[in-house]
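One letter stands for each residue in the lines below.
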Amino acid sequence: MAAIYITDASGTSHAYELNPEFMYLLGSGEDCDIRIADTEGVAAQHCELMWNAELNMYMLHGCTPELMLTANGSAHNCVALVADVPYGIGAAQLTYVEELPTAEQQPDDEDSEEENGDDEVEESTKMARAEVVPVQLRRKPVGRARRLRSNAAAHIPEMEIRRENPIITLIKPLYVIAVLIAAFIAGLTLHHLLTTGEFFPATML
């Protein structure tokens, strides 16, 4: 199951499993689904996390136009989450993963300390050891219109959103119907030619 890691200003990481049917409110307020407390630059209701079925990606966008998120060193009001890429929410860091590590994949504490030293455990190792915090699913599923609105200004790395002209969308089925009718008429004409030797029926001349 997909999840996010939140690392606060103290360096403590917590993991939160995600359900694509629900929206998550992130911020420092007690009413948030995922709370980022005691961290500089995090508003009471900072951003919302939701699944976008059309892009097949999770989207993170600020609750107001002034609330920004950091991606690749730049500030954005809306970002599409790419696995294992760090995103900034104030002084906190959010990292999206497509699947949490299993118990067998958890790093061994002694091996990590021998390799890195007691004070130099790698960030990925810290996240892998993070406690998985249950989230109460209380937000209603996100409507399609809201998902589409979040596409417009989203920062989507290495991805192009192609929007088709509505006129072309309307013409396409009509074109298919015209081709099928033409094929049907051609079939009747060929059948008449093979059975009578005449290209057109006499009644048509």
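Throughout, a residue's number is its position along its own chain's written sequence, starting from 1. Totals for whole chains, interfaces and linings use every residue, but because this is a predicted model, local features are given only for residues with pLDDT of at least 70 and side-chain atom pairs only at 80 or more, for both listing and counting. The side-chain figures draw on all heavy atoms in the structure; neither hydrogens nor water molecules are used.

## Focus on the overall build of the chain
Counted only if it meets this: Helical segments are the DSSP runs of H or I of at least four residues, strand segments are the runs of E of at least two, and each set is numbered from the N terminus. Only protein chains enter the accessibility calculation, which uses a 1.4 Å probe; a residue whose area is less than 20% of its type maximum is buried, one above 50% is exposed, and one in between is partly exposed. The contact definition used throughout considers only heavy atoms, calling two residues in contact when any of these lie within 4.5 Å. In these tables, accessible area is a Shrake-Rupley quantity obtained with a 1.4 Å probe, and a residue counts as shielded only by the protein chains included in the view.
From N to C terminus, the chain includes 4 helices and 12 strands. By residue count, 33% of the 205 residues in the chain fall in the buried class. Sequence-distant contacts, at least 24 apart, represent 47% of the contacts inside the chain between residues at least 6 apart. Summed over all atoms, the accessible surface of the chain reaches about 13000 Å², with 54% contributed by carbon and sulfur.

## Re a nonpolar patch on the surface
How we decide: Patches here are clusters of residues that have more than 30% relative accessible area and form no salt bridge, with a 9 Å joining cutoff for like charges and a 5 Å cutoff for nonpolar side chains (Val, Leu, Ile, Met, Phe, Trp, Tyr). Throughout this description, the term salt bridge denotes a Lys or Arg side-chain nitrogen within 4 Å of a carboxyl oxygen of Asp or Glu.
A cluster of nonpolar side chains, Leu-170, Leu-174, Ile-177, Ile-181, Phe-184, Ile-185 and Leu-188, forms an exposed patch at the surface whose accessible area comes to about 730 Å². Locating Ile-181 in the fold gives a position in helix α4 (residues 166-196).

## Examining the nonpolar core
Keep this limit in mind: Take the buried Ala, Val, Leu, Ile, Met, Phe, Trp, Tyr and Cys residues and link them wherever side-chain atoms come within 4.5 Å; each set so joined is a nonpolar core.
With 24 residues, the main nonpolar core has Ile-4, Leu-26, Leu-49, Leu-60, Leu-81, Ile-89 and Leu-94 as its most contacted residues. Counting residues per element, the ones that place at least two in this core are β1 (3-7), β3 (24-27), β5 (47-52), β6 (57-62), β7 (69-71), β10 (86-89) and β11 (92-97). Top contributing element to this core by residue count: β11, with 3 residues. Ranked by size, the runner-up nonpolar core spans 7 residues in total, among them Met-50, Leu-55, Cys-78 and Ala-80.

## Section: the pairing of β11
As a reminder of what qualifies: When DSSP finds two or more bridges between a pair of strands, those strands are recorded as paired.
The buried fraction of β11 is high, at 5 of 6 residues. Across 5 bridges, β1 lies against β11 in antiparallel orientation. Bridging from a neighbouring strand, Ala-3 pairs with Val-97 of β11. By the bridge criterion, 4 bridges tie β10 to β11 in an arrangement that is antiparallel.

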